[in-house]
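Listed here are the chains, written in short residue letters.
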Amino acid sequence: WVSLAAIDVCGSAALASHQFGRNGRAGRNGRDSANQTVRAAGDPVRIDLAGTDGEDGGYGEDGEWVRCRRQPRNERRNLRAAAGGNGGHGGDGGRGGNGGHLTIHYANSNELRQVFVTAAGGRGGRGGRSGNGTNGCDCHDNRWTVEVCKDGTCHNEEYQCYDGHDGTDGRNGRNGEGGSLGELVLINQLEPLPQEAPEQSQTVSSLANQTVTLSRNLWDTRNNAKNLLASGSTVASSYRFYTGHIERQFTLDWQAPQAAQTFTESLDLELRPSGQVNVDFPEAYWLLGEIIEQETLTTYRVDGIVPVAEVAQLALGRVAGRSRTFEVNVVDLAQRSDVLETQFEVRYSTSNDDGRRRRYELEFDGPVPADLIVQDHNRFTLALGRLPIRSQLLSGGTRAQGELTIIRSYGNNSAEQTLTWTGEI
């Protein structure tokens, strides 16, 4: 019995015991079967590739019974009886082991009928039963009154006792999942398969003007595997069937003005089952080039290359002039303007507001025509004063705000950069 303010279990004996039943142990998973490769020679063959069963989960223990002591009398506080113990959860059943994969080399498909295989997945273990919760203690007196006197004045105080909550039952363990069926792989030749190298990753510098060979074994997916084997065999319906081997050469024809040896990032190649070579060039670069297909040779001709990090390194230069002589200078800090195509768009706004939060009105929004742009190597001069903007909106002392969007492109690649300025013309 405890004060409601403390909310504890009753008595030191109850405090010392474990009220919760222990959870059941989880069952161990079944073992996956090993894979196996055989040659069908016409003699009967029995192969066991079944996964083992998962173990059952252990039972959860019942909650421990609480020792209910005599309720104290005339306590000047509210009381709560001790709660019952919760039951433990049942252990989950183990997963069944997976059936093994069987690879068969053969010369005559009729010889497959002599192969009997059991590649069933093991059964999942059963979940353990949960433990039961136990009853909480009950109050003997639910209400009582105690007379309290001080300095000759007495009054009655009323107190309550609350029954202890019953313990909850545990959760039953979950049943383990069954293992998957093993798969069949058929190879219509007795010789080992040729080695394959469908993927390669090499640096750009090592591939430049060199030829590498990619190869791949080809497979088809078919159904009704059991119909090909001895009657009663257990195996997944879907199976893989070897259909041949392909090889293709790849070369990187480096025609870019920069030396290939300076590019040390990796280039990823993959030979697809269709015979096409996928080329995954590092994303750090923009390329200008062409893929050329010639019988068993794929050539990637690189005519130009630009690091992406150097595409948008433009800075605002001098902003000067007024009215029709107003112009803006932009400088390419990376010095790539000789190979990149550059376009400009501008938003021009003015303000007559002298308040703290100055408001601007848009006066022009559109592209800058090519005849208003003068390029001197890596410097661009934009004659914005010749845009269709009223002259008085470009006069000296005008409070203006400009936003310049720069579009840089190279082949099929493009990126944008925005430069802004605010001030008086």
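Quick notes on the rules
Residues numbered from 1 in each chain as written. Predicted model: local features only at pLDDT ≥ 70, side-chain atom pairs only at ≥ 80, totals over all residues. Heavy atoms only, no water. Helix = DSSP H or I, 4+ residues; strand = E, 2+ residues; numbered from the N terminus. Rg over C-alpha atoms; globule rule 2.2 N^0.38 Å. Contact = heavy atoms within 4.5 Å. Lys, Arg positive; Asp, Glu negative; His and termini not counted. Charge placed at Lys NZ, Arg CZ, Asp CG, Glu CD. Disulfide = S-S within 2.5 Å. Polar contact = N/O pair within 3.5 Å; in protein donor to acceptor, adjacent residues only side chain to side chain. Core = buried A, V, L, I, M, F, W, Y, C linked by side-chain atoms within 4.5 Å. Buried < 20%, exposed > 50% of the residue type's maximum accessible area, 1.4 Å probe, protein only. Salt bridge = Lys/Arg side-chain N within 4 Å of Asp/Glu carboxyl O. Phe/Tyr/Trp six-rings, centres within 6.5 Å; stacked < 30°, edge-to-face > 60°. Lys NZ or Arg CZ within 6 Å of the ring centre and 35° of its normal. pLDDT = per-residue confidence, 0-100. Pairing = 2+ DSSP bridges. Axes fitted to C-alpha atoms, helices over the stretch in contact; angles between N-to-C directions.

Brief notes about the overall build of the protein
No. 1: Broken down by element type, the protein carries two helices and 24 strands.
No. 2: Here the C-alpha atoms of the protein give a radius of gyration of 41 Å, more than 25% beyond the 22 Å that 2.2 N^0.38 yields for 425 residues.
No. 3: Intrachain contacts of the protein at a sequence separation of at least 6 include 72% that bridge at least 24 residues.
No. 4: Both charge centroids of the protein, one from 43 positive and one from 55 negative side chains, sit 7 Å from each other.

Here's the deal with the state of the cysteines
No. 1: Across all of its chains, the model carries three disulfides by this definition.
No. 2: At a sulfur-sulfur separation of 1.8 Å, the disulfide partner of Cys 149 is Cys 154. Sign of the S-S torsion, about 110° for the bond between Cys 149 and Cys 154, identifies this disulfide as right-handed.

Structural notes on the environment of Thr 134
No. 1: The topology assignment puts Thr 134 in the loop between β6 (115-118) and β7 (143-150).
No. 2: Measuring from C-alpha to C-alpha, the distance between Thr 134 and Gly 84 comes to 4.9 Å, with 50 residues separating the pair along the chain.
No. 3: When near neighbours in sequence (up to four residues on either side) are disregarded, Thr 134 contacts Gly 63, Glu 64, Trp 65, Gly 84, Gly 85, Asp 166 and Gly 167.
No. 4: A polar atom in the side chain of Thr 134 sits 3.2 Å from the backbone oxygen of Glu 64.

Some words on the nonpolar core
Proteins that are soluble and globular tend to have nonpolar side chains buried together.
No. 1: Counting residues in each nonpolar core, the largest one holds 23 residues, and the members touching the most others are Val 330, Phe 344, Val 346, Leu 384 and Leu 404.
No. 2: Of all the elements in the fold, those that place two or more residues in this core are β18 (327-332), β19 (341-351), β22 (379-382), β23 (399-410) and β24 (413-424).
No. 3: The contacts of Phe 344, once residues within four sequence positions are left out, are Val 330, Pro 367, Val 368, Ile 373, Phe 380, Leu 382, Leu 404, Thr 405 and Ile 406.
No. 4: Counting 21 residues, the second-largest nonpolar core is a separate cluster that includes Ala 260, Leu 287, Val 302 and Ile 305.

Observations regarding the environment of Gln 294
No. 1: Looking at the secondary structure, you find Gln 294 in strand β15 (residues 285-294).
No. 2: With 209 residues separating them in the primary sequence, Gln 294 and Gly 85 have C-alpha atoms 79 Å apart.
No. 3: Those residues within four positions of Gln 294 in sequence are excluded, and the remaining contacts are Arg 248 and Thr 299.

Remarks on unusual backbone geometry
No. 1: At Ser 323, a residue that is not glycine, the phi angle is positive and equals roughly 50°.
No. 2: Looking at where Ser 323 falls in the secondary structure, it is placed in the loop between β17 (314-320) and β18.

Considering the pattern of salt bridges
Between side chains of opposite charge, a pair can form as their charged atoms come close.
No. 1: The final tally for this structure, using the stated rule, is 20 salt bridges.
No. 2: In this structure, Arg 25 engages Glu 55 in a salt bridge whose closest nitrogen and oxygen atoms are separated by 3.6 Å. Note that Arg 25 is positioned in the loop between α1 (11-16) and β2 (36-39) and Glu 55 in the loop between β3 (45-48) and β4 (79-80), a separation of 30 residues in sequence.
No. 3: Arg 28 is the salt-bridge partner of Glu 55, the closest N and O atoms lying 2.9 Å from each other. With Glu 55 in the loop between β3 and β4 and Arg 28 in the loop between α1 and β2, this pair connects stretches of sequence that are 27 residues apart.
No. 4: On the accessibility criterion, Arg 28 (54% relative accessible area) is exposed.

Points about the packing of aromatic side chains
No. 1: All chains considered together, the criterion is met by seven aromatic pairs.
No. 2: Their ring planes at 80° and their centres at 5.1 Å tell us that Phe 263 and Tyr 285 sit as a pair that is edge-to-face. Linking Phe 263 in the loop between β12 (239-254) and β13 (266-271) with Tyr 285 in strand β15, this pair joins segments that are 22 residues apart in sequence.
No. 3: Grouping aromatic residues by their ring pairs yields a cluster made of Trp 254, Phe 263 and Tyr 285.
No. 4: Above the face of the Phe 116 ring, Arg 46 is positioned so that its terminal group lies 4.2 Å from the ring centre.
No. 5: It is Arg 222 that lies over the ring of Phe 241; its NZ or CZ is 3.9 Å from the centre.

Comments concerning the confidence of the model for the protein
Detailed reading of the predicted model is not advised wherever pLDDT is low.
No. 1: The predicted model of the protein has a mean per-residue pLDDT of 91, with 95% of residues at 70 or higher.
No. 2: Segment residues 1-18 is flagged for pLDDT under 50; beyond a separation of four residues in sequence, or across chains, it makes 39 contacts in the model.

What about the pairing of β18?
No. 1: Of all six residues in β18, five are buried; the element is thus mostly enclosed.
No. 2: As judged from the five bridges shared by β17 and β18, these two strands associate in the antiparallel manner. Looking at the pairing, Leu 314 lines up with Asp 332 of β18.
No. 3: Taken together, β17 and the strand that follows it, β18, pair antiparallel across an intervening segment of six residues, in which Gly 321 is found at a positive phi of about 85°.
No. 4: Here four bridges tie β18 to β22, and the two strands are oriented antiparallel to one another. Along β22, the bridge assignment pairs Val 331 with Arg 379.

Overview of the sheet that holds strand β10 (residues 199-203)
No. 1: Strand order across the open sheet formed by three strands is β10-β13-β14, with antiparallel pairing between neighbours. Only two strands of the sheet have a single neighbouring strand rather than two, namely β10 and β14 (277-280). Taking the axes of each pair of neighbouring strands and ignoring which way they run, one obtains an average angle of 20° across the sheet.
No. 2: The pairing of β10 with β13 spans five bridges and is classified as antiparallel. Its bridge partner lying in β13, Gln 200 is registered against Leu 269.

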